Amino acid sequence: MDKFTYLRSSLSGEALQEINSVQMSDVNYVIAWEMLEKRYENKKLIVKAHLDSLFSIEPIRREGYEPLSRLIGDFDKHLLMLDKFHEPGCIDLIIGAVHYLDLLTDGRQKIADEGPSLQNTVFGWIVSGRIVDHAATVTQAATYSCTHASLDEQLAKFWELENCHTSSTQSVEETAFEAFFDQTTVRDDQGRFVVTLPKRDYLIRQLGESEGTAIRRFLGLERRFQQNSELKVSYADFIREYVQLGNMVQVPVSTSEDTTTLPVCYLPHHAVFKLDSTTTKLSVVFDASCKTSSGVSLNDALIVGPVIQDDLISITLRFRLLSVAIVADVEKM
């Protein structure tokens, strides 16, 4: 009831006469509102009215806050109402394409040679056709380049593009180690890999005297052999097999007596027992960590290289993925 009262007080002229015949009640308020919408909901007239109001706004004739505020308020009010008319309205009726020609009547006008046309229908005039964009055209140029590259190169570039490039976490020395490995690792006639040990040359030259330590360690090993004949036999068999496999060769006496520019490093060795091993119960370990007289060992002079196996967590998680796990070990070099 209050809304209907407010509506009547806000109207005048023809709009007020339009709903004078409607009795005031809460239910009739909706009916009165629909009558006004049906009479005055003409988008073209509303847009034209707002545009006329925009162009008829009086200019500011004196400086001051109030005239400027009134001008901005009038502009905002009309522009806000016009912004709502770009939204599509409700669809009243959908007509099939089979009835299209039946809806056309006499009357067709061409607006422009390359523009849309006006066609009269039983519902009124409609606009149909192509809208030409008269914006300035931008000159475009295309360049075609053909190169003859091998299939291997093309595949290599394809995988480089597909791979995720991540910054390397390796040090400069580890990167140099990988490059050295790629350049020096080869396979011999028997199919075995031959790997060159990467060395720090400046530490190699710092290796001191090591023959005395190696002899003392060997004499201590000989005393163990006198007390344990079984150990002596197993140790001798291991060394003999080591030679037969080509893992080590005897240095000629003439070569050992020659004077060389680089120091010679003697490696002590000792026995290690693996009672739970199924392949080799006894193995000989060459102690390259033994310090020479200069305090530098052979291991110090060799480049370790980056870690290539996965971290322990990844290995443990992968170990639990399947039902059966196979564990293997390298028997010999």
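Residues numbered from 1 in each chain as written. Predicted model: local features only at pLDDT ≥ 70, side-chain atom pairs only at ≥ 80, totals over all residues. Heavy atoms only, no water.

Colleague: Teacher, can you tell me more about the overall build of the protein here?
Modeller: Regarding its fold elements, the protein presents 14 helices and seven strands. A burial count over the protein gives 17% of its 333 residues as buried. Roughly 28100 Å² of accessible area belongs to the protein as shown, and the carbon and sulfur atoms make up 57% of that amount. (Helix = DSSP H or I, 4+ residues; strand = E, 2+ residues; numbered from the N terminus. Buried < 20%, exposed > 50% of the residue type's maximum accessible area, 1.4 Å probe, protein only. Areas by Shrake-Rupley, 256 points an atom, 1.4 Å probe, with all protein chains shown as cover.)

Colleague: When you look at the pattern of salt bridges in this model, what are you seeing that I'm missing?
Modeller: Should the charged atoms of two oppositely charged side chains come close, the side chains can pair. Tallied over the entire structure, the rule returns four salt bridges. Where aspartate 287 meets arginine 217, a salt bridge forms, and the shortest distance between an N and an O atom there is 3.0 Å. Taken together, the positions of aspartate 287 in the loop between β7 (282-286) and α13 (298-301) and arginine 217 in helix α10 (residues 211-227) put the pair 70 residues apart, joining distant regions of the chain. Taking relative accessible area as the criterion, aspartate 287 reaches 19% and is therefore assigned buried. (Salt bridge = Lys/Arg side-chain N within 4 Å of Asp/Glu carboxyl O.)

Colleague: I would appreciate a short explanation of the sheet that holds strand β3 (residues 124-128) in the present structure.
Modeller: Backbone-to-backbone hydrogen bonds pair the strands of a sheet. The strands run either parallel or antiparallel. Here three strands make up an open sheet; going across it, the order is β1-β2-β3 and the pairing antiparallel. Of all strands in the sheet, those with a lone pairing partner are β1 (104-110) and β3, marking the two edges. On average, each strand axis in the sheet is inclined to that of its neighbour by 25°, with strand direction left out of account. Where β1 lies against strand β2 (residues 117-121), four bridges are found, and the strand directions are antiparallel. Opposite lysine 110, over in β2, you have serine 117 as the bridge partner. (Pairing = 2+ DSSP bridges. Axes fitted to C-alpha atoms, helices over the stretch in contact; angles between N-to-C directions.)

Colleague: Can you help me understand the pairing of β3 in this one?
Modeller: It is a general feature of regular strands that their side chains alternate between the two faces of the sheet. With five bridges connecting them, β2 and β3 associate as antiparallel partners. If you follow glutamine 119 over to β3, its bridge partner there is isoleucine 126. Where β2 folds back on β3, the antiparallel hairpin that results is connected by two residues.

Colleague: What is the right way to look at the packing of helix α1 (residues 2-10) against helix α3 (residues 26-40) in this model?
Modeller: Between α1 and α3, the shortest axis-to-axis distance is 9 Å and the interhelical angle comes to 30°. Pair α1 / α3 crosses with left-handed handedness. Residue-level inspection shows Lys3, Phe4 and Leu7 of α1 in contact with α3, the latter providing Asn28, Tyr29, Ala32, Trp33 and Leu36. For the contact of α1 with α3, a count of residues per class yields six nonpolar, one polar and one charged. (Left-handed = near helix turned anticlockwise from the far one by under 90°. Contact = heavy atoms within 4.5 Å. Nonpolar A, V, L, I, M, F, W, Y, C, P; charged D, E, K, R; others polar.)

Colleague: Even after reading the chapter, I still don't get the packing of aromatic side chains, so can you show me in this structure?
Modeller: Aromatic ring pairs are described here by two measures, namely the spacing of the ring centres and the angle between the planes. One pass over the full model with this rule turns up three aromatic pairs. A centroid spacing of 5.7 Å and a plane angle of 20° characterise the contact between phenylalanine 238 and tyrosine 242, whose relative ring orientation is stacked. Of the two residues, phenylalanine 238 and tyrosine 242 are both situated in helix α11 (residues 229-244); the distance of four residues between them amounts to about one turn of the helix. Pair check on accessibility: phenylalanine 238 and tyrosine 242 agree, each one buried. Aromatic rings pair up to connect Phe238, Tyr242 and Phe286 into one cluster. Across from the ring centre of phenylalanine 193, 4.5 Å away, lies the NZ or CZ of arginine 187, which sits over that ring. (Phe/Tyr/Trp six-rings, centres within 6.5 Å; stacked < 30°, edge-to-face > 60°. Lys NZ or Arg CZ within 6 Å of the ring centre and 35° of its normal.)

Colleague: How should I be thinking about the side chain of serine 210 in this particular structure?
Modeller: As for its position among the elements, serine 210 is in the loop between α9 (201-204) and α10. Residue serine 210 is classed as buried on the basis of its relative accessible area of 5%. Among the polar contacts listed, one links the side chain of serine 210 to the backbone nitrogen of tyrosine 266, at a separation of 2.8 Å. Not counting the four nearest positions on each side in its chain, serine 210 is found in contact with Val264, Cys265, Tyr266 and Thr292. (Polar contact = N/O pair within 3.5 Å; in protein donor to acceptor, adjacent residues only side chain to side chain.)

Colleague: Looking at this model, I keep getting lost on the nonpolar core. Mind explaining?
Modeller: As a rule of thumb, nonpolar side chains are buried together in soluble globular proteins. Grouped together as the largest cluster of nonpolar side chains are nine residues: Leu221, Phe225, Leu231, Tyr235, Phe238, Tyr242, Ala271, Leu282 and Val284. Looking at this core, the elements with two or more residues in it are α10, α11 and β7. Ranked by residue count, the leading element in this core is α11, at four residues. When neighbours within four sequence positions are excluded, valine 284 is seen to be in contact with Tyr235, Phe238, Ile239, His269 and His270. (Core = buried A, V, L, I, M, F, W, Y, C linked by side-chain atoms within 4.5 Å.)

Colleague: Honestly, the environment of aspartate 237 in this entry has me stumped. Any pointers?
Modeller: For aspartate 237, the location among the structural elements is in helix α11. Within the local environment of aspartate 237, its side chain forms a polar contact with the side chain of arginine 240, the two groups lying 2.9 Å apart.

Colleague: Sorry if this is basic, but what is going on with the state of the cysteines here?
Modeller: Any covalent bond linking the sulfur atoms of two cysteines counts as a disulfide. Inspection of the entire model under this criterion finds zero disulfides. You can see cysteine 290 has no disulfide; the closest cysteine sulfur is in cysteine 265, sitting 8.0 Å from it. (Disulfide = S-S within 2.5 Å.)

Colleague: Where do I start with the confidence of the model for the protein in this structure?
Modeller: Do not read the fine detail of predicted coordinates wherever pLDDT is low. Taken over all residues, the pLDDT of the protein has a mean of 79, while the share at 70 or more is 83%. The spread of mean pLDDT over the elements of the protein runs between helix α12 (residues 253-257), the lowest at 56, and α10, the highest at 92. (pLDDT = per-residue confidence, 0-100.)

Colleague: Would you take a moment to explain the packing of α10 against α11 for this structure?
Modeller: Helix-helix packing is described using two parameters, namely the angle between the two axes and the distance between the axes. Relative to each other, α10 and α11 sit at 125°, their axes nearing to 5 Å. On the basis of their axis angle, the class for α10 and α11 is oblique. Contacts between α10 and α11 involve Leu221, Arg224, Phe225 and Gln227 on the former and, on the latter, Ser229, Leu231, Lys232 and Tyr235. Partitioned by chemical class, the residues of the contact of α10 with α11 number four nonpolar, two polar and two charged. (Parallel < 35°, antiparallel > 145°, perpendicular 65-115°, else oblique.)

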